[in-house]
Amino acid sequence: MENNQHGGKQDSKQDDRQQGAGRWKLFVVLAICASPLIASYLAYYVIKPSGRTNYGTLIDPRAYPMPVLGTTLLDGAPKALDAYKGKWLMVQADTADCQAACQTKLYQMRQLRLTQGKEMDRIERVWLIVDDKPVETMTMREYDGTRMLRVKADALKAWLPVEPNTMITDHIYMIDPLGNLMMRFPKDPDPNKIKKDLTKLLKASSIG
């Protein structure tokens, strides 16, 4: 009887050790997986070498996680924005008729992605269309490769922050590969300055 009790205690201790080792291994795996994201945000939010400035406005990613927006493809089929997680998303919002300012943003996003050379595949361009009107065929052809999703304007306004005296349609936004809004560029931006921000961002991060 005493031997059985003694053996039971040993088995219990062995189980505890195995569970402890298992938890430690899980912690190590999670730390390794999270380290690229932690490093990228340390580089941007904590480690700020003197003289370094960002053109775009940095946004605390914890404050603006990607919500469920009810986005759809142009044909009405459901397509969540988070389907593009895993890439850096360069996002603009505008109406389907896409007047001059809208066309300029689409053009800038296309060219800015190209300027990143071998890194450009880490970036997806997204146009969030805030009404139900048709998009001109020429616009779709001109900006082939841009992800075009329809979304309710009210849902978008509740998520995307704007500068004073501007609207969501005035900005280009950046979303990280985990789906967090993290940067906003000003109205009528300088593409060369956006390019520098993108280059620094992709260099500082190994995710996406």
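Residues numbered from 1 in each chain as written. Predicted model: local features only at pLDDT ≥ 70, side-chain atom pairs only at ≥ 80, totals over all residues. Heavy atoms only, no water.

## Quick notes on the nonpolar core
In summary, soluble globular proteins display a tendency toward joint burial of nonpolar side chains. What counts is decided by this rule: By nonpolar core is meant a set of buried Ala, Val, Leu, Ile, Met, Phe, Trp, Tyr and Cys residues that side-chain atoms within 4.5 Å join together. Exposed residues in this analysis have more than 50% of their type's maximum accessible area, buried residues have under 20%, and partly exposed residues fall in between, with area computed by a 1.4 Å probe over protein chains only. For helices the rule is a DSSP run of H or I covering at least 4 residues; for strands it is a run of E covering at least 2, with both sets numbered from the N terminus onward.
Counting residues in hydrophobic clusters, the biggest one holds 24 residues, and the most contacted among them are W88, M90, L106, W127 and M174. Every element with two or more residues in this core is listed here: β2 (88-94), α2 (100-114), β3 (123-129), β5 (172-175), β6 (181-185) and α5 (191-204). Core analysis: the next-biggest nonpolar cluster, separate from the first, contains 20 residues, L149, W159, I168 and L181 among them.

## Topic: α2
Our working definition: To estimate how far a helix should extend, the number of its residues minus one is multiplied by 1.5 Å. Residue contacts are defined here by distance: any two heavy atoms, one from each residue, within 4.5 Å place the two residues in contact.
Under the 1.5 Å per step criterion, the end-to-end length of α2 is 21 Å for 15 residues, consistent within 8% with the ideal 21 Å. Looking at α2, one finds that the buried residues are C102, K105, L106, Q108, M109, R110, L112 and R113. In this structure, the buried residues of α2 make contact with β2, β3, α3 (137-142), β5 and α5.

## A few points about the pattern of salt bridges
Let me state the cut-off plainly: What makes a salt bridge here is a side-chain nitrogen of Lys or Arg within 4 Å of a carboxyl oxygen of Asp or Glu, nothing more.
Applying the stated criterion across every chain yields a total of eight salt bridges. In this structure, the salt-bridge partner of E124 is K87, at a minimum N-O distance of 3.9 Å. Note that E124 is positioned in strand β3 and K87 in the loop between β1 (57-58) and β2, a separation of 37 residues in sequence. Of the residues examined, K87 reaches a relative accessible area of 28% and is grouped as partly exposed. With a shortest N-O distance of 3.9 Å, K200 and D197 are connected by a salt bridge. Pair noted here: K200 and D197 are both in helix α5, with a separation of three residues, about one helical turn. Using a relative accessible area of 1% as the deciding quantity, one classes D197 as buried. If you follow the salt bridges from partner to partner, you end up with K87, E124 and R147 in one network.

## Remarks on the pairing of β3
Just so we agree on the cut-off: For two strands to be treated as a pair, DSSP must find no fewer than two bridges joining them. With strands facing away from the observer, any crossover in which the path from the first strand over the helix to the second runs clockwise is taken as right-handed.
Along β3, seven of the seven residues are buried, which leaves the element largely enclosed by surrounding structure. What you see with β3 is no split at all: I123, R125, W127 and I129 on one side and E124, V126 and L128 on the other are buried throughout. Pairing of β2 with β3 involves seven bridges; the strand directions are parallel. Along β3, the bridge assignment pairs W88 with I123. In terms of handedness, the path from β2 via α2 over to β3 forms a crossover that is right-handed. Of the strand pairs in this sheet, β3 and strand β4 (residues 147-150) are connected by four bridges, and their pairing is parallel. By the bridge assignment, I129 is partnered in β4 with R150.

## Brief notes about α5
Selection criterion: The directions from the helix axis to the C-beta atoms form the arc being described. Any pair of N or O atoms that falls within 3.5 Å is considered a polar contact. Within protein, one atom must be able to donate a hydrogen and the other to accept it, and sequence-neighbouring residues count only if both atoms are side-chain atoms.
Between its terminal C-alpha atoms α5 stretches 20 Å, which fits the 20 Å expected from 14 residues at 1.5 Å a residue. Taken together, the buried positions of α5 are I194, D197, L198, L201 and L202. Projected down its long axis, α5 carries its buried residues within an arc of 125°, all on one side. Turned more than 90 degrees away from the buried face of α5, the exposed residues are N192, K196 and K203. The distance from a side-chain oxygen at the start of α5 to the backbone nitrogen of N192 is 2.9 Å, and the residue carrying that oxygen is D190.

## Points about the sheet that holds β6
Here is the rule: Angles run from 0 to 180 degrees between N-to-C directions of axes, and those axes are lines fitted to C-alpha atoms, restricted for helices to the stretch in contact.
In spatial order, the strands read β1-β6-β5-β2-β3-β4; together these six strands make up an open sheet with mixed pairing. Only two strands of the sheet have a single neighbouring strand rather than two, namely β1 and β4. Its contacts with the sheet place α2 against β2, β3 and β5, and it is angled at close to 170° to β2. Against the sheet, α5 engages β2, β3, β5 and β6, with an angle of about 160° to β6.

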